[in-house]
Every structure is written in C-alpha cells, then in structure tokens.
Amino acid sequence: THFGYRDVPTGQKQKLVGEVFTSVASSYDLMNDLMSLGIHRVWKRYFVATAQVKPGDRILDLAGGTGDIAALLKDRVGEKGELVLGDINVSMLKVGRDRMTDRGNVRGFEYVQCNAEKLPFPDASFDLVTIAFGLRNVTDKDAALREMHRVLKVGGQARVLEFSEVTAAWFKPIYDFHSFNILPKLGKLFANDADSYQYLAESIRKHPPQEELKGMMQAAGFARAGYRNLSAGIVAIHTGYKA
Ligand code: SAM
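Every value quoted in this text rests on a predicted model; they were computed, and no experiment measured them. (Residues numbered from 1 in each chain as written. Predicted model: local features only at pLDDT ≥ 70, side-chain atom pairs only at ≥ 80, totals over all residues. Heavy atoms only, no water.)

Colleague: What is the right way to look at the pairing of strand β7 (residues 223–230) in this model?
Modeller: Here six bridges tie β7 to strand β8 (residues 235–241), and the two strands are oriented antiparallel to one another. Of the residues in β8, the one forming a bridge with N229 is A236. With antiparallel pairing between neighbouring strands as the criterion, β7 and β8 make up a hairpin whose turn holds four residues, including S231 at a positive phi of roughly 50 degrees. (Pairing = 2+ DSSP bridges. Helix = DSSP H or I, 4+ residues; strand = E, 2+ residues; numbered from the N terminus.)

As structure tokens, this is what we get:
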C-alpha cells in the first residue's frame, strides 16, 4: 500500500468544485446526516450490498471522498481485497484516510488524487469501479464514464450512485423546498457556508435524469446498462458491465 497524491491539471470548474469540497470537508459527514435525515447511510449500504463483488477483488472508488463506500466495500472483499480511493480533492482524501485509520482500516487501501475524467490507471485493472455522489460534480461526465469503462476488466461492473429525478409528482414540491430553502439554511447554521450547499442543490438539479444517464453509459461502451430508483428517485443506482 502506498500513499500518493498525483498532481493532475484541473480546469476552471474543477477548481471551483475543489474549493467547495475543501470548505465542506470537515463538516461533510454531519451535513450528509442532516440533509438526508440519515438516509444516505441506507442508500450507501444498499449500493454496496448489491454490488458485484467477490473476495480478493481490486476496486476503484471514485470521488471516494471521506471513505464511506470504500469502508463498506472492504467488508465484502475481505483480507485480500484491494481498495483504491480516487478523489480530485486532497482535503477530502485526507479526511477519508484519517477516518479509515481510526476504524482500523489500513492494509489494502490506497489513496490517489486524480480527476475522474483522466484516470492514472492502466486499462483493465479493476474488477469493480464505483462512484457515489460524485459524477454530478464532474465537468465532462462522458469522459469519466469512458475512463471507468477503460479501467474495468472484462466482466467487471461499474456502479453509479447519484441524485436523480424524483418520480412521484406529489413529492416534488416538498423536495424542491428542502433543496433550495432548508438545505442552504442548514449549511449556514452548521457549516457557516450557505453558498456551498446552494451549489450542491443546483448541481443535483442539473444532473442528467435516469434515462439520459443510462444512454450516456451505453455511449461510453457499457453493456447491459440499467438503473434502479431508490426513495422515489431521489437517488438512482446505475450499473453497466464491460463486455
Ligand atoms: N463518495 C463520497 C460519499 O458518498 O460520501 C463522497 C461524495 S462527495 C459529495 C463528492 C466528491 O467528489 C468530493 O470528495 C469531490 O472532491 C469529488 N470530486 C469532484 N469532482 C471530481 C473529479 N472530477 N474527479 C474526482 N473526484 C471528484
């Protein structure tokens, strides 16, 4: 296991996204719980529990941030499994590494600073690639999906957990009110940072809905692309395979 932050050139938007996550890194976990009433933990557990994983697999968790997904995945791949956490933001990776170490998760973890659009890994080097609540922050999502496909081994699975389009009409106004009124206020109250949380709400709204993302996965080369809505489409899990 090595600990390497590889420098990558970052564009204008990446810089902005970087600043957002640097400013929220320390309050990130608390905010996730507040914003989702703790439900993000259930989504993440389901996302990992239904992943195509076998003991000893080598897994890339992109936008791995504070390490929630990687820690859950480690339980599934066991002693021999390897987890690479990739994130564009060093502050998020550092919070993730510290938390992993606190939980006793040291062996089998690697931390790599990288942009999802241009991965510093050879072709066919992972059994599973995951990205949870990360794709919507990536500027060139098509490039990121192509890269996820490239680094997968044949037969490997890609999984995307992301906010999506709410399918129940009655729920939409409540959800909008939560996103654009409550969420920035919580951000101000608990993280003294309303702007970052306003940005997060907007990024959720701009993210491609279920069918569009499925089409993007097919265009990136994935076979059997599909999705499943959780909590009436507040989030969706997209999957695809390398044939
Ligand atoms: N996966 C974690 C989770 O589920 O809690 C963290 C999600 S957090 C909302 C989004 C993460 O995406 C941040 O850590 C951010 O630094 C990272 N990120 C944003 N743009 C990225 C990019 N182009 N490449 C890699 N990571 C990126």
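Colleague: I tried to follow unusual backbone geometry on my own but got confused; where do I start?
Modeller: Among all residues save glycine, negative phi is the norm, and among peptide bonds the norm is trans. The phi dihedral of L37 falls on the positive side, at around 55 degrees, and the residue is not glycine. Examined against the element boundaries, L37 turns out to sit in the loop between α2 (28–36) and α3 (39–49).

Colleague: Before we go on, may I ask you to explain a nonpolar patch on the surface in this structure?
Modeller: A surface patch of nonpolar side chains, amounting to about 330 Å² of accessible area, comprises L30, L189 and F190. With respect to the helices and strands, the residue L30 is situated in helix α2. Of the residues examined, L30 reaches a relative accessible area of 45% and is grouped as partly exposed. (Patch = residues over 30% accessible without salt bridge, like charges linked within 9 Å, V, L, I, M, F, W, Y side chains within 5 Å. Areas by Shrake-Rupley, 256 points an atom, 1.4 Å probe, with all protein chains shown as cover. Salt bridge = Lys/Arg side-chain N within 4 Å of Asp/Glu carboxyl O. Buried < 20%, exposed > 50% of the residue type's maximum accessible area, 1.4 Å probe, protein only.)

Colleague: Got a minute to help me understand the confidence of the model for the protein chain in this structure?
Modeller: As a general rule, the predicted coordinates of low-pLDDT regions are not to be interpreted in detail. Per-chain confidence: the protein chain averages 89 in pLDDT, with 90% of residues scoring 70 or above. Segment residues 1–10 is flagged for pLDDT under 50; beyond a separation of four residues in sequence, or across chains, it makes 25 contacts in the model. As scored by the predictor, the complex reaches a pTM of 0.89 and an ipTM of 0.98. (pLDDT = per-residue confidence, 0-100. Contact = heavy atoms within 4.5 Å.)

Colleague: Looking at this model, I keep getting lost on the pattern of salt bridges. Mind explaining?
Modeller: Between side chains of opposite charge, a pair can form as their charged atoms come close. Applying the stated criterion to the full structure yields 12 salt bridges. The shortest N-O distance in the salt bridge between D68 and K44 comes to 2.8 Å. With D68 in helix α4 (residues 68–77) and K44 in helix α3, the pair connects residues that are 24 residues apart, well separated along the chain. Look at D68 and you get buried, because its relative accessible area is 16%.

Colleague: Mind showing me how you'd approach α3 here?
Modeller: Given 3.6 residues per turn, any residue in an α-helix points the same way as the ones three and four places further on. Where α3 is concerned, the buried positions are H40, W43, K44, F47 and V48. Along the long axis of α3, the arc covered by the buried residues comes to 125 degrees, so they all point the same way. Exposed side of α3, more than 90 degrees from the buried face: V42, R45 and A49 are the residues found there. (Arc of directions from axis to C-beta.)

Colleague: Could you clarify how one ought to interpret the site of the ligand in this entry?
Modeller: If you check the shell around the ligand, you find 18 residues, and the closest are A63, D87, N115, A116 and A132. At 2.8 Å, a backbone N or O of A63 approaches a nitrogen atom of the ligand. At a separation of 2.9 Å, a nitrogen atom of the ligand approaches a polar backbone atom of A116. Here the ligand has 600 Å² of accessible area as a free molecule, and 99% of this is covered by the chains. Of the residues forming the shell around the ligand, the biggest block, three residues, is contributed by helix α1 (residues 12–24). (Near = heavy atom within 4 Å. Polar contact = N/O pair within 3.5 Å; in protein donor to acceptor, adjacent residues only side chain to side chain.)

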